[in-house]
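# Inside the fold
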Amino acid sequence: MSLKVNREPAARELPLPGSIFYKEDLKEIFSTLKRRSIDGEVGVVVSINGDEYEIDEIDDFDNPEITSQKFRSIRYRASHEGSSVVVDVSREAGKVVELRKDDDIVMTGVADKVLEIAQRREDNLRTFTLIILGSCTLMPVYLLSVRFLVGPTISLSELLGIPLTREILVEGELLGLIVAFLYIPVLIFALSKMRIKGNAIINHPKGRANLLREKLFKNWQASAFWAVVSATIGFLMGKFF
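Residues numbered from 1 in each chain as written. Predicted model: local features only at pLDDT ≥ 70, side-chain atom pairs only at ≥ 80, totals over all residues. Heavy atoms only, no water.

If you look at soluble globular proteins, the nonpolar side chains tend to sit buried side by side. Ranked by internal contacts, the top residues of the largest apolar core, which has 32 residues, are Leu33, Val46, Ile74 and Tyr76. Elements with a minimum of two residues in this core: α1 (23–33), β5 (43–48), β6 (53–55), β7 (73–80), β8 (83–90) and α3 (110–120). No other element matches α3, which puts six residues into this core. Residues within four places of Tyr76 in sequence aside, it is in contact with Leu26, Ile29, Phe30, Leu33, Val45, Val46, Phe61, Val85, Val86 and Val87. (Core = buried A, V, L, I, M, F, W, Y, C linked by side-chain atoms within 4.5 Å. Buried < 20%, exposed > 50% of the residue type's maximum accessible area, 1.4 Å probe, protein only. Helix = DSSP H or I, 4+ residues; strand = E, 2+ residues; numbered from the N terminus. Contact = heavy atoms within 4.5 Å.)

A separate point is the packing of aromatic side chains. Within the structure shown, the criterion is met by one aromatic pair. Seen from their ring centres, Phe30 and Phe61 are 6.2 Å apart, and the 85° between their planes marks the pair as edge-to-face. With a gap of 31 residues between them, Phe30 in helix α1 and Phe61 in the loop between β6 and α2 (64–67) connect regions that are remote in the sequence. Here Phe30 and Phe61 have matching classes, each one buried. (Phe/Tyr/Trp six-rings, centres within 6.5 Å; stacked < 30°, edge-to-face > 60°.)

In this fold, Asp25 is placed in helix α1. The residues touching Asp25, leaving out its near neighbours within four places in the chain, are Ile20, Ile117, Arg120 and Arg121.

Applying the stated criterion across every chain yields a total of 13 salt bridges. The partner of Arg120 in a salt bridge is Glu28, and the shortest N-O contact between them spans 2.6 Å. Note that Arg120 is positioned in helix α3 and Glu28 in helix α1, a separation of 92 residues in sequence. According to the relative accessible area criterion, Glu28 is partly exposed, its value standing at 24%. When the shortest N-O distance is used, the salt bridge between Asp88 and Arg75 registers 2.7 Å. Within this pair, whereas Asp88 is found in strand β8, its partner Arg75 is found in strand β7, the two being separated by 13 residues in sequence. Note on Asp88: relative accessible area 18%, which makes it buried. On the accessibility criterion, Arg75 (34% relative accessible area) is partly exposed. Through salt bridges that share partners, Glu24, Asp25, Glu28, Arg120 and Arg121 make up one connected network. (Salt bridge = Lys/Arg side-chain N within 4 Å of Asp/Glu carboxyl O.)

Our next topic: the confidence of the model for the protein. Counting all residues, the mean pLDDT for the protein is 77, and 59% of those residues have values of 70 or more. Mean pLDDT across the secondary structure elements of the protein bottoms out at helix α9 (residues 212–216), with 52, and peaks at α1, with 96. (pLDDT = per-residue confidence, 0-100.)

This next bit is on the pairing of β8. Each regular strand displays side chains that alternate between the two surfaces of the sheet. Burial analysis of β8 places six of its eight residues in the buried class, which makes it a mostly covered element. Here β7 folds back onto β8 in antiparallel fashion, the turn holding two residues, of which Glu81 has a positive phi close to 50°. Bridging between β8 and strand β9 (residues 94–99) involves six bridges; their strand directions are antiparallel. Looking across to β9, one finds that Val86 is bridged to Val97. (Pairing = 2+ DSSP bridges.)

To continue, consider the sheet that holds β8. If you walk across this open sheet you meet the six strands as β1-β9-β8-β7-β5-β6, and the pairing is antiparallel. The open sheet has two edge strands, β1 (11–15) and β6, and neither has a second partner. Within the sheet, the average angular offset between the axes of one strand and its neighbour, ignoring direction, is 15°. On the sheet, α1 packs against β5, β7 and β8 and is oriented at approximately 15° with respect to β7. Across the sheet, α3 is in contact with β1, β8 and β9; its angle to β1 comes to roughly 5°. (Axes fitted to C-alpha atoms, helices over the stretch in contact; angles between N-to-C directions.)

Along the polypeptide, Glu122 turns up in the loop between α3 and α4 (124–136). The exposure class of Glu122 is partly exposed, given its relative accessible area of 33%. For the pair Glu122 and Ile20, spaced 102 residues apart in sequence, the C-alpha to C-alpha distance is 6.4 Å. Not counting the four nearest positions on each side in its chain, Glu122 is found in contact with Pro17, Gly18 and Ser19.

The following block contains the structure:
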């Protein structure tokens with residue numbers, strides 16, 4: 001009697017970084033999944049807005065009924081002879097789940113290619129903006145600390161036998177260092193809870209998207225925006241460092 005072992009393929013999950021997907025990217029993901037071989041082709045089904053719309057051909061992305069919709073989420077399901085790749089993209093998060101048999105050459109590298117598409121469109125501007133806005137809140141926190149924490153800190157230092165004065169705390173900027181030391185971990189934690197990994201799904205080609213982020217890099221608004229950012233960073237670095 002010969003031994004036969006049937007093993008299910010192991011799942012591999014790849015989180016997406018948080019990207020802006022334009023229509024050409026949505027089509028490229030479809031084309032990446034739609035592999036072909038001498039034995040046939042990979043079946044791909046795309047569900048839009050939680051199964052509100054379902055398509056299975058790349059030309060369907062240009063269907064008038066589809067082009068008029070605002071995409072909240074999109075899911076690709078690709079299957080081939082027991083292997084599968086599922087791509088989930090939404091405003092909250094995104095991931096690629098691969099369930100591939102070891103001998104399935106057709107589906108090899110598909111999940112990684114989808115991840116490359118997402119990484120190419122990673123929304124670094126949103127992450128950078130959130131960090132800048134979070135850093136700007138450090139100044140109000142510092143001013144509140146000067147008003148309400150200097151007295152209690154001096155009283156506590158006297159109990160501990162540490163000679164601290166208002167001059168050392170404020171003029172010597174020791175309080176600023178303490179606030180920054182305590183506040184930065186809180187800021188990092190808060191940013192991690194925000195939707196930095198969320199995605200934007202734009203149902204238009206990149207050239208027609210007309211997003212504010214694109215305008216910031218194309219016209220005079222960019223100069224004013226980056227001037228404010230630079231001034232804020234310079235002020236904070238001069239104050240606390």
